[in-house]
Amino acid sequence: MAITRDQAEALIQEGLVSTIFQDVPKQSAVLSAMRKLPNMTSKQTKIPVLDMLPVAYWVNGDTGYKQTTQQAWDKVYLTAAELAVIVPIPEAVLADSSYDIMGEVTPRVNEAMGQRIDQAILFGINRPNEWQNDIITLARQAGNKVSASGGLTYDNIMGTDGLIAKVENSGHMVNAIIASVKARAALRSLKDGNQRPLFVSDMKGSTPYALDGTPLTFSQNGAFDDSVAQMIAGDFSQAVYSMRQDITVKILDQGVIQDPSTKEIIYNLAQQDMIALRVVMRLGWAVPNPATRLNADRMNVPFAYIEAATPATDYDVTFTVTDNAETPAPVSGARVDVNGSKMTTGSDGTAVFHLRAGTYPVTIKKSGYVTQSTTVTVTNAPVPVDITLPIAQ
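Scope of this entry: the structure provided in the associated data block. Every residue gets a number counted from 1 within its own chain, in the order that chain's sequence is written. Per-residue local features are limited, in this predicted model, to residues with pLDDT of at least 70; the limit for side-chain atom pairs, both in listing and counting, is 80 or more; totals at the level of whole chains, interfaces and linings are taken over all residues. Here the side-chain values reflect all heavy atoms present in the structure, with hydrogen atoms and water set aside.

### A word on the pattern of salt bridges
Any two side chains of opposite charge can pair, on the condition that their charged atoms come close.
Alright, step 1. One side-chain nitrogen of Lys or Arg within 4 Å of one carboxyl oxygen of Asp or Glu is enough to make a salt bridge. Tallied over the full model, the rule gives twelve salt bridges.
Alright, step 2. Arg108 is the salt-bridge partner of Glu111, the closest N and O atoms lying 3.2 Å from each other. With Glu111 and Arg108 both in helix H2 (residues 101-123) and three residues apart, the pair spans about one turn of that helix.
Alright, step 3. For each residue, the accessible area found with a 1.4 Å probe, counting protein chains only, is set against the maximum for its type, and the residue is called buried under 20%, exposed over 50%, and partly exposed in between. For Glu111, a relative accessible area of 16% corresponds to the buried category.
Alright, step 4. For Lys342, the salt bridge identified is with Asp337, shortest N-O distance 3.7 Å.
Alright, step 5. Residues joined in a network through salt bridges with shared partners are Asp51, Asp74, Arg298, Arg335 and Lys365. To qualify as a helix, a DSSP run of H or I must reach at least 4 residues; to qualify as a strand, a run of E must reach at least 2; elements of each kind are numbered from the N terminus.

### Considerations on the sheet that holds strand S4 (residues 81-90)
Hydrogen bonds between backbone atoms are what pair the strands of a sheet, whose relative direction is either parallel or antiparallel.
Alright, step 1. A pair of strands is labelled paired if DSSP reports no fewer than 2 bridges between them. Reading across from one edge, S1-S11-S14-S4 is the order of the four strands in this open sheet, with mixed pairing throughout. Every interior strand has two partners, whereas the edge strands, strand S1 (35-36) and S4, have only one.
Alright, step 2. Note on contacts: a residue pair qualifies if any of its non-hydrogen atoms lie within 4.5 Å across the two residues. Every axis corresponds to a line fitted to the C-alpha atoms, with the helix fit spanning only the stretch in contact, and the corresponding angles, defined between N-to-C directions, vary from 0 to 180 degrees. Those strands touched by H2 are S4, strand S11 (240-252) and strand S14 (274-286), and its axis lies near 30° from that of S14.

### Focus on the side chain of Asn300
Alright, step 1. Tracing the sequence through the fold places Asn300 in the loop between S14 and strand S15 (303-307).
Alright, step 2. On the basis of relative accessible area, Asn300 is assigned to the buried category, the value being 14%.
Alright, step 3. For Asn300, the side chain forms a polar contact with the side chain of Asn144, separated by 2.8 Å.
Alright, step 4. Apart from residues lying up to four places away in sequence, Asn300 is in contact with Ala142, Asn144, Asn169, Ser170, Asn289 and Asn295. Here a polar contact is recorded for every N or O atom pair within 3.5 Å, except that within protein the pair must consist of a potential hydrogen donor and a potential acceptor, and residues adjacent in sequence are included only if both atoms are side-chain atoms.

### Looking at unusual backbone geometry
Alright, step 1. One non-glycine residue with positive phi stands out, namely Asn289, at about 55°.
Alright, step 2. Counting through the fold element by element, Asn289 comes out in the loop between S14 and S15.
Alright, step 3. Its identity is not glycine, yet Asn339 carries a phi of approximately 50°, on the positive side.
Alright, step 4. Among the structural elements, Asn339 can be located in the loop between strand S17 (335-338) and strand S18 (341-344).
Alright, step 5. We classify Asn339 as buried; its relative accessible area is 12%.

Next comes the structure, spelled out in structure tokens:
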């Protein structure tokens, strides 16, 4: 009688595919569109930014007086934040594996870092305390959001009050668009007045796709929050980043790993015959947003977005600025800077910001007054903030 497969199963070697079936790691979509500055030489780097433009005047008649003007600069800081992860691996697993585990893990860790960077810069998700407001918050405060009414339509994107126009109104041209993968279906039906498709493949461009000639990237690393936006456009050359420490990979075989919350030791590498892959990088970013002839007060920003079908919730934060006189009077024209989002107070001394939950550093200043700094915490309700701006002596 013949020996069956079941009887000889223990002796039959299983075939093993030499490669792992998996998706290609996705890198940061945002950093590839932004402008890279030289590496930082310390934790914080100062960028001088044009804050006030000079004004020219006509001279009336042969004996008219020539007028004077001013020009001023502001400081914007790049502050490096650290992004890191540790992957512990038992040495026995490494020895018994048929694959290069370290070679498989490293690109996925890089992908995870790209995801975290994009989430923080675009949406403020897990944003480091050292970083300024995210692009969505900056655009929202500048009024550069487009209602999702009707979805991704021609008017919402290309119209006179659409996505592209809002960026152009800041004095800049759109050079990149980042969108949710879910937006592709809607974009395929978009046509111009001559019924030509706006969304096309672009084999010669910097990205595989273009929208009316502008490079279009569909975020595929899981960073795009389509509960907040469907599409983000901007002049990404106005957003800059700098590396304090490039991605550094180190293999550890000594030491302990603690739980960040409880501080309990969860692994002892030497005692448990384990190694750990530690990956660290440090970088900073900012939107310097210099004054331009179309954005002289720097209240606008070179970014805009189309809201999600259900707009994300934000809360009104109302700053009321008064002086320190015996009878306090409203201070109009004071600049209120909420972590990079800027407004000036009106005649009643108020400025209203629309912020999501979080804690924000605030600076209030005006020539002739003593600059004040504070923080504001937003939870789930509107927040009134009273500020006394002392008159300079």
